Amino acid sequence: MTVDVREMDYADLDGVVALEEVTFSEAWSRRTFADELARARTRGWYVAEEDGALLGYGGVMVIDDEAHIMNIAVRGDRRREGVASALLDVLAGRARELGADRLTLEVRAENEAAIQFYRSVGMQLAGERRSYYGPGAHALIMGAAIDDVGTGGGVPAESSHVAEAQESRSGAELILAIETSCDETAAAVMRGGTELLSNVVASQVDFHARFGGVVPEIASRKHTEAIVGVVDEALARANVTFADLDAIAVTYGPGLIGALVVGVAYAKGLSFSTGLPLVGDNHLEGHIFAAALAEPDIAPPLVALVVSGGHTSLVHVPEWGVYHTLGQTLDDAAGEAFDKVAKVLGLGYPGGPVISKLAEEGDPTAIDFPRAMMHSGDYRFSLSGLKTAVINHIRNEREAGREMSLPDLAASFQAAVVDVQVAKTVRAAVELGVGTVCLAGGVAANPSLREGLRTALAERGIRLSVPPFAFCTDNAAMIAAAGTWRFRRGDRLGPAAEAVADLSLA
Ligand code: KG4
Ligand code: ZN
């Protein structure tokens with residue numbers, strides 16, 4: 001495309017006014033434009049055209065050393081082609097010529113794409129004008145030193161416009177993600193969906209340990225205490241400020257409602273005060289995206305086994321964003337079973353890590369615990385029967401005064417959980433014909449489950465992806481990865497959105 005940008009002249013006004021009228025709800029009149037053209041000493045008005053056809057226009061006003069962009073509009077069918085960038089370059093050049101050393105503009109607070117665009121050329125949030133465009137329609141003021149404004153000669157393919165929302169650029173988005181669905185207060189900063197700049201997790205585990213499980217009221221209060229510090233820390237470690245960000249992502253379900261609301265309210269507040277778009281994330285989707293964090297080439301179609309303290313789900317993912325839940329647990333989640341068995345044994349909370357450590361030394365065939373639903377022919381799980389069998393076994397042994405081998409008990413219990421999960425996951429992958437399985441959630445940290453799956457899948461030529469340990473348990477890096485994907489799709493969480501405790505994946 002060859003876009004010519006030249007000075008606007010009176011003969012252009014018909015076309016300019018027509019474009020103005022379809023673009024802005026409070027359009028300037030022909031007279032206002034004529035008036036502007038008459039003030040050439042402090043103004044710069046330009047049109048962009050291709051073969052004589054008007055594509056867009058823009059104007060800048062200079063007062064003392066400050067330049068103010070008054071208007072940039074691009075024809076609806078010619079956006080995202082670099083027209084706005086080309087105009088902005090010329091406007092900045094004219095402003096420099098008139099002696100300005102700073103460039104500012106106002107943009108509608110909800111016009112995320114325009115805000116994105118101005119950020120992408122180096123402008124930053126400088127303030128807010130409330131109700132500037134009418135009651136409740138706020139303006140954000142953006143500004144930059146004029147020498148910092150540049151579009152790289154119109155290289156970015158996207159363009160924008162002050163009034164209309166356009167798609168944002170992708171590839172280098174800087175996202176702050178917040179996760180508070182359970183008992184970890186977490187924040188992470190990520191660039192471009194893969195480059196993790198910081199990943200801060202404040203665990204409350206110590207506060208819950210004495211109760212043998214997560215206490216919702218404590219979780220909620222601890223999130224409230226920790227969230228500001230955790231977010232600040234994530235920004236500081238990433239060496240960025242709010243002004244550098246492109247969006248905020250937050251987990252809004254599923255999880256403990258009292259815990260989720262803390263993250264959601266804080267993220268909404270940040271979004272409102274900074275003008276940054278807010279993206280809502282599903283916690284389970286985050287766990288699935290964790291696989292792609294370590295192995296960026298991981299892509300659907302795949303089967304994911306999501307096993308955590310709250311979930312045991314086998315999910316078919318034909319493409320990102322499409323989830324078919326094949327089966328879930330009918331009662332306890334896998335992690336919950338580990339936690340409850342550990343509690344009965346007085347091993348503390350969370351149970352998974354302790355039991356898997358003990359199991360390393362034990363004999364998994366020592367006690368024959370039930371493999372519930374192993375041959376049910378579907379993808380559902382049940383873990384409460386196993387939990388009861390383990391508890392009964394412990395009671396019987398204690399009553400009989402027999403010495404129990406904790407490692408054998410742990411290994412046998414773990415084997416019963418792992419066997420069923422491996423069998424069903426492998427069958428799902430084979431039946432659906434996928435080449436990849438992702439293991440996700442806190443229980444994915446279990447070495448025996450990892451190994452069992454890896455071996456069984458390898459025999460069938462199916463790839464297993466397991467996130468590194470830090471991305472298995474709750475964290476915000478996975479929320480940032482999923483959030484970036486949702487951000488690119490244009491998904492947004494509105495200011496009235498609420499946390500959803502039982503948010504489903506599909
Ligand atoms: O994903 P996550 O951090 O939080 C939830 O979303 O629930 O998962 C926590 C769960 C806990 O139940 C914990 O006992 C379990 O993951 N877990 C493990 C292991 N490490 C953590 N379960 C079995 N083996 C492990 N090594
Ligand atoms: Zn989780």
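The structure presented is a predicted model; accordingly, all values stated were derived computationally and were not measured.

Asks: Sorry if this is basic, but what is going on with the sheet that holds strand S5 (residues 102–108) here?
Replies: Adjacent strands of a sheet pair through backbone hydrogen bonds, lying either parallel or antiparallel. Taken in spatial order, the 7 strands of this open sheet run S1-S2-S3-S4-S5-S7-S6, and their pairing is mixed. The open sheet is flanked by strand S1 (4–7) and strand S6 (124–129), the only strands paired with a single partner. Looking at each pair of strands side by side, their axes are set apart by 25° on average, direction ignored. Here S1 runs beside strand S2 (residues 43–50); their pairing, made up of 4 bridges, is antiparallel. The residue of S2 that forms the bridge with Val-5 is Ala-48. Those strands touched by helix H1 (residues 13–23) are S2, strand S3 (53–63) and strand S4 (66–74), and its axis lies near 85° from that of S3.

Asks: What should I look at first to understand the side chain of Arg-486 in this one?
Replies: Within the element layout of this structure, Arg-486 appears in helix H15 (residues 477–489). Given the relative accessible area of 14%, Arg-486 is considered buried. Within the structure, the side chain of Arg-486 is placed 2.8 Å from the side chain of Glu-285, a separation counted as a polar contact. Engagement of the side chain of Arg-486 in a polar contact is seen with the side chain of Asp-491, the distance being 2.5 Å.

Asks: Would you explain the coordination of the zinc ion (ligand 2) in this entry?
Replies: For a metal with four tetrahedral donors the ideal donor-metal-donor angle is 109.5 degrees, while six octahedral donors give ideal angles of 90 or 180 degrees. On the protein side, the zinc ion (ligand 2) has His-283 (NE2), His-287 (NE2) and Asp-474 (OD) as donor atoms, found 2.1 Å from it. We note that the donor set of the zinc ion (ligand 2) lies within a single chain, spaced as H-x3-H-x186-D. In this pair, His-287 is assigned in helix H8 (residues 283–294) and Asp-474 in the loop between helix H14 (469–472) and H15, connecting sequence segments 187 residues apart. We classify Asp-474 as buried; its relative accessible area is 13%.

Asks: Can you walk me through the packing of helix H9 (residues 334–344) against helix H10 (residues 351–359) in this structure?
Replies: How two helices sit against one another is set out by the angle between their axes and by the gap between those axes. H10 packs onto H9 with a crossing angle of 75° between their chain directions and a minimal axis gap of 8 Å. Classified by the angle their axes make, H9 and H10 are roughly perpendicular. Contacts from Phe-338, Asp-339, Val-341 and Ala-342 of H9 reach H10 at Gly-351, Gly-352 and Ile-355. Of the residues that constitute the contact of H9 with H10, the class distribution is 4 nonpolar, 2 polar and 1 charged.

Asks: Teacher, can you tell me more about the pattern of salt bridges here?
Replies: Once their charged atoms are close, side chains differing in charge can pair, the charge on each being opposite to the other. Tallying each qualifying case throughout the model produces 32 salt bridges. Residue Arg-6 pairs with Glu-49 through a salt bridge whose shortest N-O separation is 3.0 Å. Residue Arg-6 is found in strand S1, and its partner Glu-49 is found in strand S2; the two are separated by 43 residues along the sequence. Across the pair Lys-357 and Glu-360 runs a salt bridge, and its minimum N-O distance is 3.4 Å. Judged by its relative accessible area of 54%, Lys-357 is exposed. Residues joined by salt bridges that share partners form a network here, namely Glu-285, Arg-486, Arg-489 and Asp-491.

Asks: Quick question: what am I supposed to make of the packing of aromatic side chains here?
Replies: A ring pair, where both rings are aromatic, is described by two values, the distance of the centres and the angle of the planes. Scanning the entire structure with this criterion turns up 8 aromatic pairs. Between the aromatic rings of Phe-33 and Tyr-57, the centroid separation amounts to 5.8 Å while the plane-to-plane angle is 90°, which identifies the pairing as edge-to-face. Of this pair, Phe-33 sits in helix H2 (residues 30–37) while Tyr-57 sits in strand S3, and the two are 24 residues apart along the sequence. Both rings, one in Phe-289 and one in Trp-485, keep their centres 6.0 Å apart while their planes meet at 45°; by these two values the pair is tilted. Taken together, the positions of Phe-289 in helix H8 and Trp-485 in helix H15 put the pair 196 residues apart, joining distant regions of the chain. Of the residues examined, Phe-289 reaches a relative accessible area of 6% and is grouped as buried. Each member of the aromatic cluster is reached from another via a ring pair, and the members are Trp-28, Phe-33, Trp-45 and Tyr-57. Note that Lys-424 overlies the ring of Phe-381, its terminal NZ or CZ placed 5.7 Å from the centroid.

Asks: Teacher, can you tell me more about the environment of Arg-39 here?
Replies: Note that Arg-39 resides in the loop between H2 and S2. Residues Arg-39 and Glu-128, spaced 89 residues apart in sequence, show a C-alpha to C-alpha distance of 28 Å.

The rules behind each value
- Within any chain, residue numbers begin from 1 and follow the written order of that chain's sequence.
- Think of it this way: whatever chain is written first is A, whatever ligand is written first is 1, and the rest follow in order.
- Only residues with pLDDT of 70 or above have their local features reported here, since the model is predicted, and side-chain atom pairs are shown and tallied only from 80 upward, although totals for entire chains, interfaces and linings are computed over all residues.
- Note: side-chain values were computed over all heavy atoms of the structure, leaving out hydrogens and water.
- Paired strands, as defined in this entry, are two strands with at least two bridges between them according to DSSP.
- Only runs of H or I of at least four residues qualify as helices and only runs of E of at least two qualify as strands under DSSP, and these elements are numbered from the N terminus.
- As a rule, the C-alpha atoms of each element are fitted with a line to give its axis, helices using only the stretch in contact, and angles between N-to-C directions run from 0 to 180 degrees.
- Only heavy atoms enter the contact rule, under which two residues are in contact if any of them lie within 4.5 Å.
- Whether a residue is buried, partly exposed or exposed follows from its accessible area with a 1.4 Å probe, protein chains only, as a fraction of its type maximum: under 20%, in between, or over 50%, in that order.
- N or O atoms closer than or at 3.5 Å make up a polar contact, with two conditions inside protein: a donor-capable atom paired with an acceptor-capable one, and, for residues adjacent in sequence, both atoms drawn from side chains.
- Coordinating donors are taken as N, O and S atoms within 2.8 Å of the metal, stretched to 3.2 Å for Na, K and Ca; because water is absent from the atoms, sites can appear incomplete.
- Each angle is binned into one of four classes, with values under 35 degrees roughly parallel, values over 145 roughly antiparallel, values of 65 to 115 roughly perpendicular, and all other values oblique.
- By the convention adopted, Pro, Cys, Tyr, Trp, Phe, Met, Ile, Leu, Val and Ala count as nonpolar, Lys, Arg, Asp and Glu as charged, and the other residues, Gly among them, as polar.
- Put simply, a salt bridge is a Lys or Arg side-chain nitrogen that is within 4 Å of an Asp or Glu carboxyl oxygen.
- Ring pairs shown here join Phe, Tyr and Trp side chains whose ring centres sit within 6.5 Å, with only the six-membered ring taken for Trp; geometry is labelled stacked below 30 degrees between planes, edge-to-face above 60, and tilted in between.
- A ring is considered to have a charge above it if a Lys NZ or an Arg CZ atom is located within 6 Å of its centre and within 35 degrees of its normal.

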